[in-house]
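A closer look at the structure
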Amino acid sequence: GENVEQHPSTLSVQEGDSAVIKCTYSDSASNYFPWYKQELGKRPQLIIDIRSNVGEKKDQRIAVTLNKTAKHFSLHITETQPEDSAVYFCAASLNYGGATNKLIFGTGTLLAVQP
Amino acid sequence: IAGITQAPTSQILAAGRRMTLRCTQDMRHNAMYWYRQDLGLGLRLIHYSNTAGTTGKGEVPDGYSVSRANTDDFPLTLASAVPSQTSVYFCASKMENTNYGYTFGSGTRLTVV
């Protein structure tokens, strides 16, 4: 089945710097790659996503890039702010047979933005 | 109800006891999912349901069962709880045949002692 690996597990940056989180996936059939932000004690919230027919997508300070050949995708946060501190999860959507699209998650990255 | 609701919010459970975690959504989403979240392991899929009347196994289904009698409800049952099932459980839903638009519940923190 699909396997998603995420690195690094923790990331500390200074306010204003950029942060990059990387994920790889194993199943070339996956075609949807969302990123979730989870604040302490709260539910995961979708922050950006990308489909396999697109190489890059941006939304203000957040961008995601996808390399289908290498089967990896990355989250880029520019001009980081303390409120960006959270756990970030990547995920890949697996399609096979008659099953609906199930998200398989990476293990998460704890991002700490130091003021 | 607005969105997706989980109950209880938290629970301490004696090992060997039976427990049902409730999940209800009012968005008429076809697909529903149960994930468990453990430190360092991310979110792992337990069971899913494409539509009412159907269920399937995820990555870590052992020790858990689900049912989907109607569109709105997707309960998760632990028949005989064990300490390794201590976790935070999230229910999620989305419209079937779309990749996007997962909505998560607020989670249930379960401690098995």
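That block above? That's the structure.
The structure contained in this document is the topic of the report that follows. (Residues numbered from 1 in each chain as written. Chains lettered and ligands numbered in written order. Predicted model: local features only at pLDDT ≥ 70, side-chain atom pairs only at ≥ 80, totals over all residues. Heavy atoms only, no water.)

Overview of the state of the cysteines
Covalent bonding between the sulfur atoms of two cysteines is what defines a disulfide. Taken as a whole and judged by the stated rule, the model has 2 disulfides over all chains. Paired by a disulfide, A:Cys23 and A:Cys90 hold their sulfur atoms 1.9 Å apart. For the disulfide bridge between A:Cys23 and A:Cys90, the dihedral angle about the S-S bond is near -100°, and by the sign convention the bridge is left-handed. Linking A:Cys23 in strand E3 (residues 19-25) with A:Cys90 in strand E9 (residues 86-94), this pair joins segments that are 67 residues apart in sequence. Residue A:Cys23 is classed as buried on the basis of its relative accessible area of 1%. Given the relative accessible area of 0%, A:Cys90 is considered buried. In this model B:Cys23 forms its disulfide with B:Cys91; the gap between the sulfur atoms is 1.9 Å. Its torsion about the S-S bond being -75°, the disulfide of B:Cys23 and B:Cys91 is classed as left-handed. (Disulfide = S-S within 2.5 Å. Helix = DSSP H or I, 4+ residues; strand = E, 2+ residues; numbered from the N terminus. Buried < 20%, exposed > 50% of the residue type's maximum accessible area, 1.4 Å probe, protein only.)

Re the sheet that holds strand E1 (residues 4-7) of chain A
Residue and element names in this part refer to chain A. Reading across the sheet, the 5 strands line up as E1-E3-E8-E7-E6 and stay open at both edges, with antiparallel pairing between neighbours. Every other strand in the sheet has two partners, leaving E1 and strand E6 (56-59) as the edge strands with one partner each. On average, adjacent strands in this sheet sit at an angle of 15° to one another, irrespective of strand direction. Bridge count for E3 against strand E8 (residues 72-77) is 6 bridges, and the pairing is antiparallel. For Ala19, the partnering residue across the bridge sits in E8 and is Ile77. (Pairing = 2+ DSSP bridges. Axes fitted to C-alpha atoms, helices over the stretch in contact; angles between N-to-C directions.)

Quick word on the layout of surface pockets
Approximately 680 Å³ is the volume found for the largest pocket. In this structure, the largest pocket is lined by 28 residues; those nearest its centre are A:Gln38, A:Leu40, A:Val87, B:Gln37 and B:Leu39. Secondary-structure elements contributing two or more residues to the lining of the largest pocket are E9 and strand E11 (109-114) of chain A together with strand E4 (31-38), strand E9 (87-94) and strand E11 (108-112) of chain B. Per-element accounting of the lining of the largest pocket gives the leading share, 3 residues, to E9(A). For the lining of the largest pocket, a count of residues per class yields 8 nonpolar, 16 polar and 4 charged. (1 Å grid on protein atoms, 1.4 Å probe; cavity = no way out; pocket = protein on both sides within 12 Å on 5 of 7 lines; lining within 4 Å. Points joined across faces, edges and corners; volume = space filled by probe spheres on them. Nonpolar A, V, L, I, M, F, W, Y, C, P; charged D, E, K, R; others polar.)

Some thoughts on the nonpolar core
Counting 24 residues, the largest nonpolar core has A:Trp35, A:Phe73, A:Leu75 and A:Leu111 as the members making the most contacts within it. At the level of elements, strand E2 (10-14), E3, strand E4 (32-38), strand E5 (45-51), strand E7 (62-67), E8, E9 and E11 of chain A are the ones that each hand at least two residues to this core. Of all hydrophobic cores here, the second largest spans 18 residues; its members include B:Tyr64, B:Phe74, B:Leu76 and B:Val112. (Core = buried A, V, L, I, M, F, W, Y, C linked by side-chain atoms within 4.5 Å.)

Regarding the sheet that holds strand E7 (residues 64-66) of chain B
The strands that make up a sheet pair up through hydrogen bonds in the backbone, lying either parallel or antiparallel. All names here are of chain B. The strand order across the open sheet formed by 4 strands is E1-E3-E8-E7, and the pairing between neighbours is antiparallel. Two strands in the sheet have a free side with no partner beyond their single neighbour: strand E1 (4-7) and E7. Each strand of the sheet is rotated relative to its neighbour by a mean of 20°, with strand direction disregarded.

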